[in-house]
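# Reading the structure
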Amino acid sequence: MNNNSLFYNHIEENDINRQVINEIAKYAEENRHQQIYLLTAPLGEKYHYQYEKDVIVILSPKHKIIFLDLSNNGKDFEIFYEDFVEDLNSISDKYNYKEHIGRPRDWKREITAKEVINTEFDVDDLFEKHKLSNDLQRKCELLISLLIGSINDIEKIGAEVPATLLEKVKRNIILFDGDQTRFIYKDFHNKTVAIQGLSGTGKTELLLHKLKELYISDDNSKIFFTCHNIALANTLKERIPSFFNFMKVEKQIEWNSRLWVDRAWGTQKDKNSGLYSYLCHFYNVPFLRYSPITDYERIFNQVFEHINQIEEDEFEFAFDYILIDERQDFPKVFFELCEKIAREKVYVAGDIFQDIFENTKDTELEVDVILNRCYRTDPRTLMFAHAIGMGLFEEKKLNWFEDKYWEAIGYNMTRHKGRELHLSREPIRRFEDLDLSNTQSMIIEGQGSTHTTHILRILKNIQSENPTVSPSDIAIIILDDNRRIYEYIDSLCYSINEQLGWKVNRAYESKTKEENSLYITNPNNVKGLEFPFVICVTAYIKDSYRYRNILYTMLTRSFIQSYLLVENNHGLKFQQEGLETINEKRYIKTIEPTGEEKEEIRKTLITLHSESSMSYKEFLNLIFRELKIKTSCREKLEKALLQAEIEKFDKDKTIKFINANKEFYCK
Amino acid sequence: MKRYEFDLSLSAQKLFFPEERVKTKLQVIDILMEATRYMLANPTIAKTNITGKLVLLVDRMSRLFFFKEGKHYSIVFPFLVSEIEGTLHFSFQNNLEVDSQLISNTISTISCDSFKDKCSLDFIEPIYDYENEFDDNFWIFLRELLLNEDGYIRYDRDEKSYQEAKEKGEEHKHPLNHFDVFYSSNATFKLGLHSESAEEQLIDLLNTKTDCKYLRE
């Protein structure tokens, strides 16, 4: 497998094309920033041509679409070329691109090139010769997007070159990279195909494309698309009809007879409300409700055991295909079960790095496709979020990875004197053409910045710099979790209503995204969402793992700018300095922990994970037991703790509070 | 009797005067919660933006009044009111503070899908979660809100519907000025008024300490 994620070859090799493909692959290896696709027919479409094995079509943004004739057979090649262009035109028509990019006579001459292979063939020269001028690049990129099935909403993005930053980012043409294209079009041998990536690498989008491919390829297939989170399941269910519509799927969606989209659990009454509900119904297994002792592990084991008792000749597959998002939220037995009950294939997508403190299992890296290019977040923001999350700018690091894992999440490392280490990321296509050097993608502000008046100032600023901004382009996320934040949010909401006239959506109440309203929430309702601008507000940078992980995840929700507004300046200096280095030098500068320190980190994380599945009540009870607090006064202390502003699960502070107050509560 | 007044801007007014008229108890609870939250935050509204008013009358029986041009209505305010150093505090049965967090929990519970679900256990789940996470009294609070008689009455001056009714010769089925008593379609009825009702008239009508009004044919 070629490990360059920007190169994708869809051509079956033969004696005629092998050498040229190898040469182009070599070129791609040496030019790792250049996106290149090789094909002989549009991907994901029905077209095939007679002359296919004698030709290579090379797609690379900023270059003409190059048709290479390998056998020097002018007439057949010409027919191939004309047919290909004609078909490309019909795809362009199908997705309404034609109105924006015109007919082939408008682009054929300027954007395509025909070449015959000869002894002096040189890939460098070829690309050099067919470079496109700036004004033609966008049109060419749109044609490429059609050929690889990475269809964009042309009405939204248009063929015109956008002017402002917000418009550029919003109207950016999305092109699947090599890894993404591989996932959608390549035939994998194994029954379960796993894709793993950082959040923001477009996994869910890919699953939707896969779903579309599966849905249209077989009229009789039964497909279940599932995930853990209810909100995500609802969003998917809403998105699929418009996505299918948009992808010009002519077949009607037959809900709950051919296609199911819902969470993994479901309810007892409605067999279609979740995968487990359906399986209980299908295999006649008693339904269990969620409880502290009934979890995924238990229910899927139960179904699995049940199915294993069915005689082989009586066994029926529940589905043909199962697609799973949020792999990280499910136990192993779930995937085994899915593999058992799906006739054809199971596609699984997961976050490699959902939790920056998760034990890094090697098995996680053993997947079919790893996506490490984050298309959502600006690399500077991503680097900062990783660094602040794991405490890389601080003396005491909260987490550290082996080199292999750093690489898997997209980092290049260079070691310097005194254990100094630089971690950098490759620039990504999404921002490649934008001059962002003058725009700060990540902004930290200290004391005073969390005042309502200051936040309003930031909002007004965003508005004046981006006149087309809509309230729904912005999210405000309050990172803390205590009673006070609700009051704070209320007063903020009223001020935004009053002074900007914007609608505000308190997402922790509505649990949905509303049109034309600013999204404001605690960290619980942000999963899977992204915004051009994100403003994170917090009292101070806390040291707990839970908090740091939240901080990391929330900062990466933006695709233009993230603000981090901190009320208390304590410890902020290191973060600010770290950010300055990222902005100036484009790398994270950190000191690698010693072997001893790494061992210490590992131990702490192991204890942490054994505690992480606890509810808050269990957590408190454990402490009460440790401190020998009588059962009779635990309830009172519990109430007092809720009133006090102590972060939940902060063990040290909780113990301190109990010790300081127990004499008043325990008689 | 104590009286507190709060100015409403257009955005707040939209919360309390939804486009579709109130038809269910859940909407009334939602309005009660939004109003309580509004009074706690007591936002400052620029004079030019004021388009309505919220009045809280505190007595043995407390009530909330919502006013905008041509429409007034009132519901019972079931919480205890105390004023500490110029700030209002609300509590439920004297042992549960009705604060922003409780309000958010309540709104989110009554607006979430599982509340409307077919299965009773789905309904319980979020309530049970909140009890565990925040306060053991949450269910008692929610139950009282659901069982509470909200005493909804609305004054309406609706020119358009009146004219429509008049064209059909049915103006007495939809008098220009009228009270709507109750809100659900099974219970609601109109009481016609001979003239426009001023804000204070509604307050006076519902004030148990002042003389009663009489209906005249």
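Since the model is a prediction, treat every value here as computed from it, not as a measurement. (Residues numbered from 1 in each chain as written. Chains lettered and ligands numbered in written order. Predicted model: local features only at pLDDT ≥ 70, side-chain atom pairs only at ≥ 80, totals over all residues. Heavy atoms only, no water.)

Moving on, we come to the sheet that holds strand β9 (residues 319-324) of chain A. Residue and element names in this part refer to chain A. Strands sit in the order β8-β7-β9-β10-β6-β11 across an open sheet of six strands; the sheet is parallel. With one partner strand each, in any of the chains shown, β8 (259-263) and β11 (369-371) form the two edges of the open sheet. Within this sheet the neighbouring strands show an average axis-to-axis angle of 15°, counted without direction. Here five bridges tie strand β7 (residues 223-227) to β8, and the two strands are oriented parallel to one another. Paired with F224 across the two strands is W260, which belongs to β8. Running at roughly 150° to strand β10 (residues 342-351), helix α14 (residues 332-341) makes contact with β6 (192-197), β7, β9 and β10 of the sheet. (Pairing = 2+ DSSP bridges. Helix = DSSP H or I, 4+ residues; strand = E, 2+ residues; numbered from the N terminus. Axes fitted to C-alpha atoms, helices over the stretch in contact; angles between N-to-C directions. Contact = heavy atoms within 4.5 Å.)

Put simply, the second largest pocket is a space of about 1100 Å³. Around the second largest pocket, the lining comprises 30 residues; the ones closest to its centre are A:V504, A:E514, B:L15, B:D30 and B:E34. Secondary-structure elements contributing two or more residues to the lining of the second largest pocket are α20 (483-500), β16 (503-506) and α21 (507-510) of chain A together with α1 (10-16), α2 (25-41) and α3 (100-111) of chain B. Element by element, the count of residues in the lining of the second largest pocket is highest for α2(B), at six residues. Here the lining of the second largest pocket is composed, by residue class, of ten nonpolar, nine polar and eleven charged. (1 Å grid on protein atoms, 1.4 Å probe; cavity = no way out; pocket = protein on both sides within 12 Å on 5 of 7 lines; lining within 4 Å. Points joined across faces, edges and corners; volume = space filled by probe spheres on them. Nonpolar A, V, L, I, M, F, W, Y, C, P; charged D, E, K, R; others polar.)

With 77 residues, the main nonpolar core has A:L459, A:I476, A:I496, B:F16, B:L64, B:F66 and B:F79 as its most contacted residues. Not counting residues up to four positions away in its chain, the partners in contact with B:F66 are B:F16, B:F17, B:I31, B:A35, B:K53, B:L54, B:K71, B:H72, B:Y73 and B:I75. (Core = buried A, V, L, I, M, F, W, Y, C linked by side-chain atoms within 4.5 Å. Buried < 20%, exposed > 50% of the residue type's maximum accessible area, 1.4 Å probe, protein only.)

What follows is about the pairing of strand β4 (residues 71-76) of chain B. Regular strands place their side chains on alternate faces of the sheet. Residue and element names in this part refer to chain B. Examined bridge by bridge, strand β3 (residues 63-68) and β4 share six bridges and lie antiparallel to one another. In the strand pairing of β4, F65 is matched with S74. Linking β3 to β4, which pair antiparallel, is a turn of two residues; within it G70 sits at a positive phi near 80°. Strand direction decides the pairing type here: β4 and strand β8 (residues 153-157), joined by four bridges, are antiparallel. Residue S74 lies in a different strand from β8, and its bridge partner there is I153.

Moving on to the pairing of strand β4 (residues 65-69) of chain A. All names here are of chain A. Most of β4 is tucked away: five of the five residues are buried. Neither face of β4 is exposed, since I65, F67 and D69 on one face and I66 and L68 on the opposite face are all buried. Inspection of the sheet shows strand β3 (residues 55-59) paired to β4 by four bridges, in the antiparallel sense. By the bridge assignment for β4, V57 is matched with F67. Where β3 folds back onto β4 in an antiparallel hairpin, the turn is made up of five residues, including K62, whose phi is positive at roughly 75°. Inspection of the sheet shows β4 paired to strand β5 (residues 112-116) by five bridges, in the parallel sense.

All names here are of chain B. The topology assignment puts K25 in helix α2. Beyond its immediate sequence surroundings of up to four residues, K25 is in contact with L145, L146, L147, N148, E149, D150 and Y183. One polar contact links the side chain of K25 to the main-chain carbonyl oxygen of L146, over a distance of 3.2 Å. (Polar contact = N/O pair within 3.5 Å; in protein donor to acceptor, adjacent residues only side chain to side chain.)

Let's shift gears to empty space enclosed by the protein. Summary: where empty space remains is shown by rolling a probe the size of a single water molecule over the atoms. Inspection of every chain in the model, using the stated rule, returns eight cavities of 30 Å³ or more. Space inside the largest cavity adds up to approximately 110 Å³. Partitioning the lining of the largest cavity into residue classes produces six nonpolar, two polar and three charged. Approximately 60 Å³ is the volume found for the second largest cavity. Along the walls of the second largest cavity sit A:R483, B:L96, B:E97, B:Q101, B:L102, B:N105, B:Y130, B:F134, B:D135 and B:F138, which together make up its complete lining.

Turning next to the side chain of B:R63. All names here are of chain B. With respect to the helices and strands, the residue R63 is situated in strand β3. Here R63 occupies a buried position and makes no salt bridge, while the nearest side chain of opposite charge, D150, is found at 7.7 Å. At 2.7 Å, the side chain of R63 and the side chain of S74 are in polar contact. Excluding residues within four positions of it along the chain, R63 makes contact with V55, L56, L57, S74, I75, V76, F77, G151, I153 and L206. (Lys, Arg positive; Asp, Glu negative; His and termini not counted. Salt bridge = Lys/Arg side-chain N within 4 Å of Asp/Glu carboxyl O.)

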